[in-house]
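Results of the structural survey
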Number of protein chains: 2
Amino acid sequence: MPAVDSPRTASSDAIASATQARTGIPVQERTADESGPSAPSPALSRATVTDVARLAGVSGKTVSRVFAGSSSVSPETRTRVLEAAQRLRFRPNSLARDLRRGGVSTTVAFVMGDLSNAFYSKVAAGIERELAEHGLTLVIAATDDEAAHEQRVVGAMLERRVRSLLLVPIAPDQGYLEGERQLGTPVICVDRPARNLVTDSVVFDNAAGAEAAVRSLVQHGHRRVAFVGSAPTLYTHEERLAGYRRALAAAGIAPRPEYERHDATDATEAERATRALLALPEPPTALLAGNNKASVGILAVRQGMLQPFAFVGFDDFDLAATLGVSVVAHDPGEMGRAAVRLALWRQDDLVSPPRQVVVPTWLVQRGSGELAP
Amino acid sequence: MPAVDSPRTASSDAIASATQARTGIPVQERTADESGPSAPSPALSRATVTDVARLAGVSGKTVSRVFAGSSSVSPETRTRVLEAAQRLRFRPNSLARDLRRGGVSTTVAFVMGDLSNAFYSKVAAGIERELAEHGLTLVIAATDDEAAHEQRVVGAMLERRVRSLLLVPIAPDQGYLEGERQLGTPVICVDRPARNLVTDSVVFDNAAGAEAAVRSLVQHGHRRVAFVGSAPTLYTHEERLAGYRRALAAAGIAPRPEYERHDATDATEAERATRALLALPEPPTALLAGNNKASVGILAVRQGMLQPFAFVGFDDFDLAATLGVSVVAHDPGEMGRAAVRLALWRQDDLVSPPRQVVVPTWLVQRGSGELAP
DNA sequence: CTGAAAGCGCTAACAT
DNA sequence: ATGTTAGCGCTTTCAG
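Residues numbered from 1 in each chain as written. Chains lettered and ligands numbered in written order. Predicted model: local features only at pLDDT ≥ 70, side-chain atom pairs only at ≥ 80, totals over all residues. Heavy atoms only, no water.

Considering the nonpolar core
The following threshold applies: Take the buried residues of types Ala, Val, Leu, Ile, Met, Phe, Trp, Tyr and Cys, join any two whose side-chain atoms come within 4.5 Å, and each joined set is a nonpolar core. Burial status follows relative accessibility: with a 1.4 Å probe on protein chains alone, a residue under 20% of its type maximum counts as buried, one over 50% as exposed, and anything between as partly exposed. Note on contacts: a residue pair is in contact if any heavy atoms of the two residues lie within 4.5 Å.
One finds A:Tyr244, B:Val228 and B:Tyr244 to be the most contacted residues of the largest nonpolar core, which totals 89 residues. Ignoring any residue separated from it by four or fewer positions in sequence, one finds B:Val228 in contact with B:Arg261, B:Ala264, B:Ala270, B:Ala273, B:Leu277, B:Leu287, B:Leu288, B:Ala289, B:Gly290, B:Ala294 and B:Ile298. If you look at the next biggest cluster of nonpolar residues, it comprises 59 residues, including A:Val108, A:Ala124, A:Leu131 and A:Leu138.

Observations regarding the protein's contact with DNA strand D
Which entries qualify depends on this criterion: Only a single heavy atom is needed: when it lies within 4 Å of a molecule or strand, its residue is near that molecule or strand. N or O atoms within 3.5 Å of each other form a polar contact, as long as, within protein, one can give a hydrogen and the other can take it, and as long as residues adjacent in sequence are counted only when both atoms are side-chain atoms.
Close to DNA strand D lie 22 residues; A:Val49, A:Lys61, B:Ser74, B:Thr77 and B:Arg100 are nearest. Among the atoms of DNA strand D lying within 4 Å of the protein, the sugar-phosphate backbone contributes 57%. Taking A:Val49, its main chain carries an N or O atom lying 2.4 Å from a phosphate oxygen of DNA strand D. B:Arg100 is positioned such that a nitrogen or oxygen atom in its side chain is 3.3 Å from a base nitrogen of DNA strand D.

Concerning the protein's contact with DNA strand C
Where we set the bar: Segments assigned H or I by DSSP are reported as helices when at least four residues long, segments assigned E as strands when at least two residues long, and all are numbered from the N terminus. Note that Gly is not counted as nonpolar here; it falls among the polar residues with everything else outside the nonpolar set of Ala, Val, Leu, Ile, Met, Phe, Trp, Tyr, Cys and Pro and the charged set of Asp, Glu, Lys and Arg.
Taken together, 23 residues form the shell around DNA strand C, and within it A:Thr62, A:Arg65, A:Thr77, A:Arg100 and B:Val49 come nearest. Near the protein, meaning within 4 Å, the atoms of DNA strand C are sugar or phosphate in a fraction of 58%, with bases accounting for the rest. B:Arg100 is positioned with one of its side-chain polar atoms (N or O) 2.8 Å from a base oxygen of DNA strand C. Here a phosphate oxygen of DNA strand C and a side-chain polar atom of B:Arg101 are 3.5 Å apart. When residues of the surface near DNA strand C are traced back to their parent elements, those giving at least two are helix H3 (60-67) and helix H5 (94-100) of chain A together with helix H3 (60-68) and helix H5 (94-100) of chain B. Residue classes in the surface near DNA strand C are distributed as seven nonpolar, nine polar and seven charged.

Some thoughts on helix H2 (residues 49-56) of chain B
Residue and element names in this part refer to chain B. To keep things clear, this is the line we draw: It is the directions from the helix axis to the C-beta atoms that the arc portrays.
Along H2, the residues that are buried comprise Val52, Ala53 and Ala56. All buried residues of H2 fall inside an arc of 100° around its axis, so they share one side. Turning to H2, the residues buried within the fold contact H3 and helix H4 (75-87). Positive phi shows up at glycine 57, right after H2, with a value of about 70°.

Some details on unusual backbone geometry
Even without being glycine, A:Asp145 reaches a positive phi, approximately 55°. Among the structural elements, A:Asp145 can be located in the loop between strand S4 (137-142) and helix H7 (147-159). Phi angles above zero are rare outside glycine, and B:Arg89 is one such case at about 55°. Along the polypeptide, B:Arg89 turns up in the loop between H4 and H5. Residue B:Arg89 is classed as partly exposed on the basis of its relative accessible area of 45%.

Side note on the confidence of the model for chain A
All names here are of chain A. Where we set the bar: Per-residue confidence from the predictor is reported as pLDDT, which spans 0 to 100.
Looking at chain A, the pLDDT average stands at 88 and 87% of residues meet or exceed 70. Between residues 1-12, whose pLDDT stays under 50, and residues either more than four places distant or in other chains, the model counts 33 contacts. Here residues 34-42 is a poorly scored stretch, pLDDT under 50, and it has 16 contacts once near neighbours within four places are set aside; other chains count.

Details of the domain arrangement of chain A
Note the threshold: Note that the domain bounds were set by an automatic or database domain assignment.
Considered domain by domain, chain A is made up of domain 1 (46-92), domain 2 (107-203 + 332-359) and domain 3 (206-331). On a C-alpha basis, the centroid separation for the pair domain 1 of chain A and domain 3 of chain A is 62 Å.

Here we look at the packing of aromatic side chains
The condition that has to hold: Ring geometry is summarised as follows: Phe, Tyr and Trp rings, the Trp one being its six-membered ring, pair when their centres sit within 6.5 Å, and such pairs are stacked at plane angles under 30 degrees, edge-to-face over 60 and tilted between the two. Only lysine NZ and arginine CZ atoms are considered, and such an atom sits over a ring when it is within 6 Å of the ring centre and within 35 degrees of the ring normal.
Inspection of every chain in the model, using the stated rule, returns eight aromatic pairs over all chains. On the basis of an interplanar angle of 35° and a centroid distance of 5.5 Å, the ring pair of B:Phe227 and B:Tyr244 is categorised as tilted. Remark: B:Tyr244 occurs in helix H10 (residues 235-250) and B:Phe227 occurs in strand S8 (residues 225-228); sequence separation between them is 17 residues. What makes B:Tyr244 buried here is its relative accessible area of 1%. Grouped by ring-pair contacts, the aromatic residues A:Phe119, A:Tyr120 and A:Phe204 constitute a single cluster. Above the plane of the ring of A:Phe314 lies A:Arg240, whose end atom (NZ or CZ) is 3.8 Å from the centre.

Side note on the pattern of salt bridges
Should the charged atoms of two oppositely charged side chains come close, the side chains can pair. The criterion, for reference: Salt bridges are counted wherever a side-chain nitrogen of Lys or Arg sits within 4 Å of a carboxyl oxygen of Asp or Glu.
Overall, the coordinates contain 42 salt bridges over all chains when judged by the stated rule. Among the ionic pairs, A:Arg129 bridges to B:Asp144, the shortest N-O distance being 2.8 Å. In this pair, A:Arg129 sits in helix H6 (residues 118-133) while B:Asp144 sits in the loop between strand S4 (137-142) and helix H7 (147-159), so the two residues belong to two different chains. Judged by relative accessible area, which is 30%, A:Arg129 ranks as partly exposed. The salt bridge partner of B:Arg54 is B:Asp51, with a shortest N-O separation of 2.9 Å. With B:Arg54 and B:Asp51 both in helix H2, this residue pair falls three residues apart, about one helical turn. Accessibility expressed as a relative area gives 61% for B:Arg54, which makes it exposed. You can call B:Asp51 partly exposed: its relative accessible area is 25%. Sharing partners across several salt bridges, the network here consists of A:Glu130, A:Glu133, A:Glu334, A:Arg337 and A:Arg341.

Given below as structure tokens:
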């Protein structure tokens, strides 16, 4: 059904062609005909503290003091140094500073699956903000949610001597990080706890969210409630499933294994799982999505139905309000901020027992969410 | 309409309370009762090349060679070094390496508005992937789309001696970066060109996308087509508007200023703008969204209508296919990758004139997009 | 308040 | 194939 119409004609070049190969679409390039100052000039060299010191007629240490904001510099000297620095376009080299200061940089690493996943990028946004408030910089690396990539990617971050490591664990075992902890690099696990490693972590209250959703559905008269989730071994899935079961048990409803789907790993699979549920002899009258991808798949099915089933999503999304979909909401950005706070705290207390911060989830009820059965 | 139901009870602590203050929701914390190896032990010290060299009975330089993958090391020596390194849990310090190698790190900075914006995070995802393929690391900083923040944030990145700077410009003037270019740090502007600075850039073919969309609407019989865009001074908005006008002109349709909205800065404003358009004496029969936030606002209006208007969005979104919405699509990840390729190329050619890579946009037509008027 | 010397951890440039 | 020397740019002693 979707038709593609390419609005442009081609042109060529190594960089553009790479894009073209990837997208299958002609890429053009505009070369500046003539724009003000012409060709860039070759590289000069960067000024160092010594250069500034020489020009200002002081010692290197004094320049250092000025840029460190030390108070023990006379106002005149400070002015002179700053002028010299400006003239030379001096910019302190934080690599050198960090090295001298003991080999720990002012960066914090966040290692997660893939930034194109909205959940991870929202967590990253929270991390970035909280770090910025503390004068720290975020470095990001992706594992592509591949267990086999984790150790290498994490290793690269540790070589950068990051001040702490915020990790969404994906490998079956994080024991390889034990040494780092001992060396004083805080490791904070995000969204799910580590395995074989004693660490602090930040997780959502997944079970409570699922429980609240199911409780609400039951209160609206539903007795046949299904759960559409992803990989059964995934921590979040387990927790949400546990909450779902707990709510049913509390309502005196017997569990039905055929109502629990663990195969909705993406929207397409979720759609398939949903159709399978609806094709059961006794189909569910209400569905709980185990994650946001499942929501998309479920909605794809529900959109076309005359008599739509009740549905609660997990993880809020842009059009949920417009479509009147109830969801278990949470705040990924807050999870990121909490992770940073935990890291900063741990920095100064290497001996306290591990902590797990649980970030709340809550039910957002909307118009057509819990339709009566 | 939305009701909030907090599934959890409280507990307290500095870190958790911060979350609580922010979310207004009680946060709990689980302290590990007893989990395997108990309290973390105090920090030891990190092994250096010298330590490894001593244990392996070689010189520091040899250790360095082994870790640099140099071929001029005998297999036996290499093994001995690697064993010693493993025993000491040695991890090369890339701060020191980068410093020694000339003060340029193996990181690339991406400075954009805000990672919680899906567009930016998708660009970031593309950047991260392309960098990873070249053994480079991504450092990210946000300007919050505040012009006043740009220079400070960029400055912090430059102090890190990033190998190049990928920037979504927001300040009215990037002239302050002229010095960096001369010093050999590639500056690549992303999504919009710089002002007062000669640099390479990557942009979308915004005008062509808008033009194709309007052309399609016109072909479906629409003569009254409106444009719902955001800030009039924004480069992308200008380009898209230009394409919209061009398509109308090509069809011999006179422009109507009242059909051009420049105030849809977010979904709510877009909704308002849409309602205003529909309330005109001669309302448009088709709408083109200028960006993804506008799409959300427009859809909110259209969802409730019996006789929906035709609508083409700008920027594809998760539920577009499900909802049958036509869109001008583009690939933000590809934009990120192109930016990295441009940066790497510029690295080795500081003298070529600036280049602008134009990444394609294309029209994706879906079921209910261009309804007849 | 300021400076001289030493060195963070690593790797170019020479040796050998 | 391996070692020695020196020094990247900065900041920490420790003096003045």
